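# Notes for the structure review
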Amino acid sequence: MENLENAVAPATSPDETGQTPEPVYPVPTGELVQPIILLVDREDPCAEDRGIAVAALASVGALLANPRHPYWKPWAQGAFAKSVRRADAKMFAKVAGEFPDHALAEIGDAKAMGFAPMQADSLPKRLAKLQVSGTMLPAGGTGEPTSVRIALNDSLGMSTGKAAAQAAHALFAWVLEGEPRDVDRWRGDGCRLSVERLGATEFRRQAREAKGPVIHDAGRTEIDPGSATAFVKIG
């Protein structure tokens, strides 16, 4: 992810804005992971594809909101790991209040929070207690297709949480490595995003013309190593 420094508009320095300097962060000693907190409401959960899309949007939103954070570069040069954790409405509100530096993304009734990377072995207790495995939302689309869409390999049978992490990988990689004009146009249009599911054959065919990197999973959970999972479509 060598284009990280060019992925967002240059920020002015604290001296130019009169803001206080950024906090000092220790040099990371282990794996870095980006936490993404997905709202899974017990009473009225959002549709699955909308939840997947909003998690991806929250991931990128964290970078756009805080591009100066010193962990972005070592994280992007490492495993590029993301952890999609779920919270019900009450816990989601607690996390939002306890960690005000989050980036909130909303697509209709779907909500997710994205954070800058953190050390995987020392996540704050509130975040570490949130569940990762088994995250599922009821089947349903994102609504009207948008000009920028995340194509998912539907043949893999990924859980909501797994698909959300893969979608976040794809969108983040596209923001960093895609055509800058396309990314700028998307941002200027309000970062509208949807999900498109493709069968195995169609996924392979369209992946050859993807506008950004095609994501291949490391195979730590759910699916086989090297499985092609997601990419960004435009148009």
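Details of the structure are given in the entry above.
Residues numbered from 1 in each chain as written. Predicted model: local features only at pLDDT ≥ 70, side-chain atom pairs only at ≥ 80, totals over all residues. Heavy atoms only, no water.

## A short note on the overall build of the protein chain
For the record, the criterion: The way it works is that DSSP assigns letters per residue, a run of H or I at least four long becomes a helix, a run of E at least two long becomes a strand, and they are numbered from the N terminus. Only the C-alpha atoms count toward the radius of gyration. The rule for a globule is 2.2 Å times the residue count to the power 0.38. The contact criterion used throughout is that any non-hydrogen atoms of two residues lie within 4.5 Å. Note on areas: Shrake-Rupley, 1.4 Å probe, and residue coverage restricted to the protein chains presented here. Positive residues here are Lys and Arg, negative ones are Asp and Glu, while His and the chain termini are left out of the count. A charge is said to be at NZ when it belongs to Lys, at CZ for Arg, at CG for Asp and at CD for Glu.
Counting its regular elements, the protein chain contains eight helices and nine strands. For 235 residues, the compact-globule estimate of 2.2 N^0.38 gives 18 Å, and the protein chain sits close to it at 17 Å. Taken along its principal axes, the extent of the C-alpha atoms in the protein chain is 50 × 40 × 35 Å. Restricting the contact set of the protein chain to residue pairs at least 6 apart, pairs at least 24 apart contribute 81%. Looking at the protein chain as shown, the accessible area adds up to about 11,700 Å², and 49% of this sits on carbon and sulfur atoms. Across the protein chain, the 26 positively charged side chains and the 30 negatively charged ones have centroids separated by 3 Å.

## Describing the sheet that holds strand β8 (residues 215-216)
Short version of the rule: Strands qualify as paired when DSSP identifies two bridges or more between them. Every axis corresponds to a line fitted to the C-alpha atoms, with the helix fit spanning only the stretch in contact, and the corresponding angles, defined between N-to-C directions, vary from 0 to 180 degrees.
Judged by pairing direction, the sheet is mixed, and its four strands sit side by side in the order β7-β6-β9-β8 without closing on themselves. Edge positions in the open sheet fall to β7 (194-198) and β8, since each of these has one partner strand only. Pairing of β8 with strand β9 (residues 228-234), which is carried by two bridges, proceeds in the antiparallel orientation. Bridging from a neighbouring strand, I215 pairs with A230 of β9. Strands β6 (148-153) and β7 of the sheet are contacted by helix α2 (residues 48-65), whose axis makes an angle of about 120° with β7.

## A closer look at the pairing of β6
Applied cut-off: The cut-offs for exposure are 20% and 50% of the maximum accessible area for each residue type, with area from a 1.4 Å probe on protein chains only; residues under the lower value are buried, those over the upper are exposed, and the others partly exposed.
In terms of burial, β6 is largely enclosed, as six of its six residues are buried. Judged by which residues are buried, β6 turns out to be covered on both faces: V148, I150 and L152 on one side and R149, A151 and N153 on the other are all buried. Two elements, β6 and β7, share five bridges in a ladder whose sense is parallel. Bridge pairing in β7 links L152 to R197.

## As for helix α7 (residues 180-188)
What counts here: An arc is given here, and it is the one of the directions from the helix axis to the C-beta atoms.
Of the residues making up α7, those classed as buried are D182, V183 and W186. For α7, the angular spread of the buried residues around the axis is 95°, confining them to a single face. Of the residues in α7, the exposed ones pointing more than 90 degrees away from the buried face are P180, R181, D184, R185 and G188. Each element contacted by the buried residues of α7 is listed here: α2, β6, α6 (160-177) and β9.

## Some remarks on the environment of A62
Within the fold, A62 resides in helix α2. In this structure A62 comes out as buried when scored by relative accessible area, which is 5%. In sequence terms A62 and E222 are 160 residues apart; their C-alpha atoms lie 26 Å from each other. Once residues lying within four places of it in the same chain are set aside, the contact partners of A62 are Q34, W72, A103, G114, F115 and A116.

## Section: the pattern of salt bridges
Using the following cut-off: By definition, a salt bridge exists where a carboxyl oxygen of Asp or Glu is found within 4 Å of a side-chain nitrogen of Lys or Arg.
The full count for this structure, using the stated rule, is 15 salt bridges. With a closest N to O distance of 3.2 Å, D88 and R42 form a salt bridge. Of the two residues, D88 is situated in the loop between β2 (81-87) and α4 (89-98) and R42 in the loop between β1 (32-39) and α2; the sequence distance between them amounts to 46 residues. For R42, a relative accessible area of 71% puts it in the exposed group. Two residues, R197 and D49, come together in a salt bridge whose shortest N-O distance is 2.7 Å.

## As for the side chain of H169
Mapped onto the fold, H169 is located in helix α6. Among the residues examined, H169 registers a relative accessible area of 13% and is labelled buried. Not counting residues within four places of it along the chain, the set of residues in contact with H169 comprises F80, K82 and I215.

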